[in-house]
Amino acid sequence: MNRYSPVLDAVRKDKPLVLQITNAVTVNDCANITICFGASPIMSDDPDDAAELAGKADSLLLNIGTANAKQIEIMRSAADSAEDSGIPIILDPVGAGASAFRRETAYRFMNDYPLSVIRGNAGEIHSLAGKDACVRGVESDEAADLSLCAALAQESGAVVAASGAVDLVTDGKSAVEIANGTPLMGKICGIGCMAGSAAACAAAVAPPFDAAVFSHCALGIAGEKASIYAKGPGMFKQALFDEVYSLTADNLERYAKILEVKV
Amino acid sequence: MNRYSPVLDAVRKDKPLVLQITNAVTVNDCANITICFGASPIMSDDPDDAAELAGKADSLLLNIGTANAKQIEIMRSAADSAEDSGIPIILDPVGAGASAFRRETAYRFMNDYPLSVIRGNAGEIHSLAGKDACVRGVESDEAADLSLCAALAQESGAVVAASGAVDLVTDGKSAVEIANGTPLMGKICGIGCMAGSAAACAAAVAPPFDAAVFSHCALGIAGEKASIYAKGPGMFKQALFDEVYSLTADNLERYAKILEVKV
Amino acid sequence: MNRYSPVLDAVRKDKPLVLQITNAVTVNDCANITICFGASPIMSDDPDDAAELAGKADSLLLNIGTANAKQIEIMRSAADSAEDSGIPIILDPVGAGASAFRRETAYRFMNDYPLSVIRGNAGEIHSLAGKDACVRGVESDEAADLSLCAALAQESGAVVAASGAVDLVTDGKSAVEIANGTPLMGKICGIGCMAGSAAACAAAVAPPFDAAVFSHCALGIAGEKASIYAKGPGMFKQALFDEVYSLTADNLERYAKILEVKV
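Student: Honestly, the overall build of chain A in this entry has me stumped. Any pointers?
Tutor: When its secondary structure is counted, chain A shows 11 helices and 9 strands. Relative to its length of 263 residues, chain A is compact, with a C-alpha radius of gyration of 16 Å against a globular reference of 18 Å. Of the contacts made within chain A by residues no fewer than 6 positions apart, 72% connect residues no fewer than 24 positions apart. Put simply, chain A shows about 8,500 Å² of open surface, and 51% of that area lies on carbon and sulfur atoms. Within chain A, the 33 negative side-chain charges are centred at a point lying 5 Å from the centre of the 21 positive side-chain charges.

Now the structure itself:
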């Protein structure tokens, strides 16, 4: 068995509590995918509540898709508490290429906290790595650039995951490509956000690198299975939840398209 | 016909306007389940707007799943207006066992307003009833404890509904258990929140005790019907909406598993 | 081919970036329907972020369904920037008949900005046109009144679209009725909000009048197609996404029920 497949059963056995300070657009999807993976989601919109919950949670997801000054304060309150208790912090820099506000918000979290995983689409990750952004909005169809991703991993100390047609995960020394997935995943809002939640579930029970690889691979395989019978984005999203819910370590072992690449 | 079955047609006939100040995670589900039950949802995020709407609404739901200081102010503005106009107020103390902030928020509403129904999962209700919380996050698999629920009902003056594998409703003098439902209901985010919205729909047209029993029984029967053909959480949630929408008083009469228990 | 059918392929070709400052209840539906139409959604909850994004976007949607003072500030920041860059601004006055706060909020946007399209249900539009509101909440089953709609169009300078069993679009000089749609569209939360998002997608690539007609017609036809196999509101909503996603200009040409009426 590859080293990523057992992460699924570890999540289901430990049922980690995953605190998620996230955007208003996909928050329901993030909660449901967390449950489908076998973990327990909790969201918060208050700094004291978030700090207390981060002290009890097993991992913390920060997703800046609709961040503002008030929510950043809540995120920092949660992250301070998460750092104190030593749980992994996952950052999803949604739209980092789309506005200076988002890019700077992502940078500040990167500089101020010991992030375990930074995961975004390739455009967002490239933008954080200093490449002049040609991102419009929150979507990206760029292919992940290994040297940019590795540089960001080295600078931040975090595992970097850049999603796209092929996903790339690197800690600056090792790297893998994950070729699972299906084009319909690009036709629903929130697939990236769900990958962030999945990474936070996995990071509670596995090393950051393995968590990042597992989450993208598992979501991709579930998407492949869903696309067999769900032909439009509406039904596909529901089928994706169903397929994550019924995913097995054997599915992961059998269908994973994980390739080690040289940094 | 048992006394709970006619509540469905009463909701559909009166189409009550149900003002819901609720969390960002499941707000869409709350709106849709309200429509499926035959009532009309309206949400608000402004204190003046909420106060005016509460003056026109037929019931008010307060759900603290992502409450913060600002939203509590909106809830109080709505609740002041609701108290003035005499409409029922339903409190869903989401996560009351998970943080001091939530527990204290729930207490304040309990002490300051004449609540018709307090409904949460068993862990949340027990926590409000003073039991040392062993709740992690917003989920709970505890079985409802009748004496704790009855004590909370007596203290608060509200009907208390504690959901779980078996739901319990009590006003401190009488109590019933509702054994409807299906395990998939625990695998989607928002089932408790939807039960709160359903209770608010029903409380607009029926006494609080009947409203609380009806809402849990109706949602449970709809879930049983949905689980016949929807095998994963994604499709199941959509099927649940469909089954609530097509539910009949005859379904309720035929499938209700309601048992009176001694307090 | 009628002049509205080509709008679909224009959206898909240009993939406009549609900035949406919208309500918490249906924001996920707005994002997904935007993607299904072929455009790219981005949401924002911060004034600086919104201003920067509006400078890059191709159209701006303002939906006041859960507006408050803070969000109005964000909307104004986005609208100022949108006006500077000359992109179309679409207003969805959700609940304008339900509270003074909403009505006044809608008026202020109408008076302060050069709106391209105002679209709401008939009750909301009538209420903005000065008719004494008999609207309860955010729903309405009134039939659109042409003289009220035309008066509002003339007063505001915007194209006015009033949705209902039959939709009405007018710029004060010309008017068309659109008889597409199916009753199930009234049984899901967010159909009006999605029509607003669709109008914003279309207004990025077509004149406001055509955009308003197209969006209601296209959503109506997709709804008709979905209702053939989806019998309850839960499955219907997913099917609606699927049918918008797979809609063709030929479908529009074949099934459009558009009737010019005299103002």
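Now that the structure has been shown, we can carry on.
Student: Explain the relation of the copies chain C and chain A here, please?
Tutor: Each of the two copies of the chain can be brought onto the other by a rotation about an axis and a shift along it. The two copies are related by a screw motion: chain C maps onto chain A through a turn of 120° and a shift of 0.0 Å along the axis, at an RMSD of 0.0 Å. These values place the two chain copies in the arrangement generated by a three-fold rotation axis. Scanning chain C for the C-alpha nearest the rotation axis identifies Ala24 of chain C, at a separation of 3.7 Å. An overlap of only 7% is found between the interface residues of chain C and their copies at the interface of chain A, pointing to separate contact surfaces.

Student: So what exactly am I meant to see when it comes to helix α9 (residues 208-227) of chain B here?
Tutor: Structural remark: α-helix, 3.6 residues per turn; residues separated by three or four positions point the same way. Here α9 of chain B contains 20 residues, and its C-alpha end-to-end distance of 28 Å stays within 8% of the 28 Å for a straight helix at 1.5 Å per residue. Counting buried positions along α9 of chain B yields 18 of 20 residues, so the element is predominantly enclosed.

Student: I'm lost on the relation of the copies chain A and chain B in this one. Help?
Tutor: Its rotation angle being 120°, the transformation that places chain A on chain B also includes 0.0 Å of axial translation and leaves an RMSD of 0.0 Å. When the interface residues of chain A are mapped onto chain B, a mere 7% of them again lie at the interface, so each copy presents a different face.

Student: Sorry, what's going on with the interface of chain A and chain B here?
Tutor: In many reports, interface size means the accessible area that the parts give up when they come together. Counting residues at the interface gives 27 residues for chain A and 31 residues for chain B. Taken over both partners, the interface formed by chain A and chain B buries close to 2,300 Å², and the fraction arising from carbon and sulfur atoms is 54%. Summed over the shared surface of chain A and chain B, the number is 1 salt bridge. Measuring nitrogen to oxygen at the nearest pair gives 3.0 Å for the salt bridge that ties Asp49 of chain A to Arg102 of chain B. One can count 13 residue pairs in polar contact (both at pLDDT 80 or more) joining chain A with chain B. Among the elements of the structure, α2 (27-37), β2 (40-43), α3 (47-56) and α10 (233-245) of chain A are those that each provide at least two residues to the side of chain A that touches chain B. Per-class residue counts for the side of chain A that touches chain B are 14 nonpolar, 5 polar and 8 charged.

Student: How do you make sense of the interface of chain C and chain A when you look at a structure like this?
Tutor: The interface is formed by 27 residues belonging to chain C together with 31 residues belonging to chain A. One can count 1 salt bridge joining chain C with chain A. Where chain C meets chain A, there are 13 residue pairs in polar contact (both at pLDDT 80 or more). Those elements that provide at least two residues to the side of chain C that touches chain A are α2 (27-37), β2 (40-43), α3 (47-56) and α10 (233-245) of chain C. For the side of chain C that touches chain A, the per-class residue count stands at 14 nonpolar, 5 polar and 8 charged.

Student: What am I meant to see in the environment of Gly95 of chain A here?
Tutor: Residues and elements named next belong to chain A. Following the sequence through the fold, Gly95 ends up in the loop between β4 (89-92) and α5 (100-112). Take Gly95: its relative accessible area is 0%, and that puts it in the buried class. Gly95 sits 46 residues away from Asp141 along the chain, and the two C-alpha atoms are 13 Å apart. Each residue touching Gly95, except ones within four places of it in the same chain, is listed here: Arg102, Glu124, Gly137 and Val138.

Student: Sorry, what's going on with the nonpolar core here?
Tutor: Generally speaking, nonpolar side chains in soluble globular proteins are found buried as a group. Residues Phe37 of chain A, Phe37 of chain B together with Phe37 of chain C are the most contacted members of the largest nonpolar core, which totals 147 residues. Setting aside its immediate chain neighbours within four residues, Phe37 of chain C contacts Leu8, Val11, Arg12, Ala198, Cys201, Phe214, Ala218, Leu219 and Val244 of chain C.

Student: I keep staring at the packing of helix α3 (residues 47-56) of chain B against helix α5 (residues 100-112) of chain C and nothing clicks. Help me out?
Tutor: Packed helix pairs are specified by the crossing angle of their axes together with the interaxial distance, meaning the distance between the axes. As a packed pair, α3 of chain B and α5 of chain C sit with axes 8 Å apart at the nearest point and diverge in direction by 130°. Considering the angle they form, α3 of chain B stands oblique to α5 of chain C. Residues Asp49, Glu52 and Leu53 of chain B of α3 of chain B form the contact with α5 of chain C, whose participating residues are Ala100, Phe101 and Arg102 of chain C. Its residues placed into classes, the contact of α3 of chain B with α5 of chain C shows 3 nonpolar, no polar and 3 charged.

Student: Even after reading the chapter, I still don't get the sheet that holds strand β6 (residues 159-163) of chain C, so can you show me in this structure?
Tutor: Strands pair in a sheet through their backbones, by hydrogen bonds, and they do so in one of two ways: parallel or antiparallel. Residue and element names in this part refer to chain C. Read from one edge to the other, the open sheet built from 9 strands follows the order β2-β1-β3-β4-β5-β6-β7-β8-β9, with strand pairing classed as mixed. Two strands close off the open sheet at either side, each with one partner strand: β2 and β9 (258-262). The average undirected angle you get between the axes of adjacent strands in this sheet is 20°. Note that strand β1 (residues 17-21) and β2 share 4 bridges and pair parallel.

Student: Explanation requested: the pattern of salt bridges in the structure shown.
Tutor: Residues and elements named next belong to chain A. Across all of its chains, the model carries 30 salt bridges over all chains by this definition. For Asp29, the salt bridge identified is with Lys237, shortest N-O distance 3.1 Å. Here Asp29, found in helix α2, pairs with Lys237, found in helix α10; they are 208 residues apart in sequence, far enough to count as distant. Look at Asp29 and you get buried, because its relative accessible area is 3%.

Student: Explanation requested: the confidence of the model for chain A in the structure shown.
Tutor: A low pLDDT means the predicted coordinates there should not be read in detail. Mean pLDDT over chain A: 96, with 99% of residues reaching 70 or higher. Interface confidence for the predicted complex, expressed as ipTM, amounts to 0.96; the pTM equals 0.97.

Student: Is there a simple way to think about empty space enclosed by the protein in this case?
Tutor: Empty space among the atoms can be located by rolling a probe the size of a water molecule over them. This model, assessed by the stated rule, comprises 2 cavities of 30 Å³ or more. Approximately 450 Å³ is the volume attributed to the largest cavity. If you trace the largest cavity, you find 42 residues lining it, with Asn28 and Lys237 of chain A, Asn28 of chain B together with Asn28 and Lys237 of chain C closest to the centre. At the level of elements, α2 and α10 of chain A, α2 (27-37) and α10 (233-245) of chain B together with α2 and α10 of chain C are the ones that each hand at least two residues to the lining of the largest cavity. Considered class by class, the residues forming the lining of the largest cavity number 21 nonpolar, 14 polar and 7 charged. When its volume is computed, the second largest cavity comes out at roughly 40 Å³. Considering the residues around the second largest cavity, the lining is formed by Asn2, Tyr4, Ser5, Phe214, Cys217, Ala218, Leu252, Ala256 and Ile258 of chain B.

Student: Before we go on, may I ask you to explain the pairing of strand β1 (residues 17-21) of chain B in this structure?
Tutor: The side chains of a regular strand alternate, residue by residue, between the two faces of the sheet. Residues and elements named next belong to chain B. Burial runs high along β1: 5 of the 5 residues are buried. Residues Leu17, Leu19 and Ile21 line one face of β1 and the alternating positions Val18 and Gln20 line the opposite face, and both faces are buried. Note that the unit made of β1, α2 and strand β2 (residues 40-43) has a crossover that is right-handed.

Student: Before we go on, may I ask you to explain the side chain of Glu124 of chain B in this structure?
Tutor: Residue and element names in this part refer to chain B. Within the secondary structure, Glu124 is located in helix α6 (residues 122-128). Here Glu124 is buried and forms no salt bridge, its nearest opposite-charge partner Arg119 lying at an N-O distance of 4.9 Å. Each residue touching Glu124, except ones within four places of it in the same chain, is listed here: Asp92, Pro93, Val94, Gly95, Ala96 and Val138.

Criteria and thresholds
- Residues numbered from 1 in each chain as written.
- Chains lettered and ligands numbered in written order.
- Predicted model: local features only at pLDDT ≥ 70, side-chain atom pairs only at ≥ 80, totals over all residues.
- Heavy atoms only, no water.
- Helix = DSSP H or I, 4+ residues; strand = E, 2+ residues; numbered from the N terminus.
- Rg over C-alpha atoms; globule rule 2.2 N^0.38 Å.
- Contact = heavy atoms within 4.5 Å.
- Areas by Shrake-Rupley, 256 points an atom, 1.4 Å probe, with all protein chains shown as cover.
- Lys, Arg positive; Asp, Glu negative; His and termini not counted.
- Charge placed at Lys NZ, Arg CZ, Asp CG, Glu CD.
- Least-squares fit on C-alpha atoms with pLDDT ≥ 70 in both.
- Expected span 1.5 Å × (residues − 1).
- Buried < 20%, exposed > 50% of the residue type's maximum accessible area, 1.4 Å probe, protein only.
- Buried area = accessible area lost by both parts, 1.4 Å probe.
- Salt bridge = Lys/Arg side-chain N within 4 Å of Asp/Glu carboxyl O.
- Polar contact = N/O pair within 3.5 Å; in protein donor to acceptor, adjacent residues only side chain to side chain.
- Nonpolar A, V, L, I, M, F, W, Y, C, P; charged D, E, K, R; others polar.
- Core = buried A, V, L, I, M, F, W, Y, C linked by side-chain atoms within 4.5 Å.
- Axes fitted to C-alpha atoms, helices over the stretch in contact; angles between N-to-C directions.
- Parallel < 35°, antiparallel > 145°, perpendicular 65-115°, else oblique.
- Pairing = 2+ DSSP bridges.
- pLDDT = per-residue confidence, 0-100.
- 1 Å grid on protein atoms, 1.4 Å probe; cavity = no way out; pocket = protein on both sides within 12 Å on 5 of 7 lines; lining within 4 Å.
- Points joined across faces, edges and corners; volume = space filled by probe spheres on them.
- Right-handed = clockwise from strand over helix to strand, strands pointing away.

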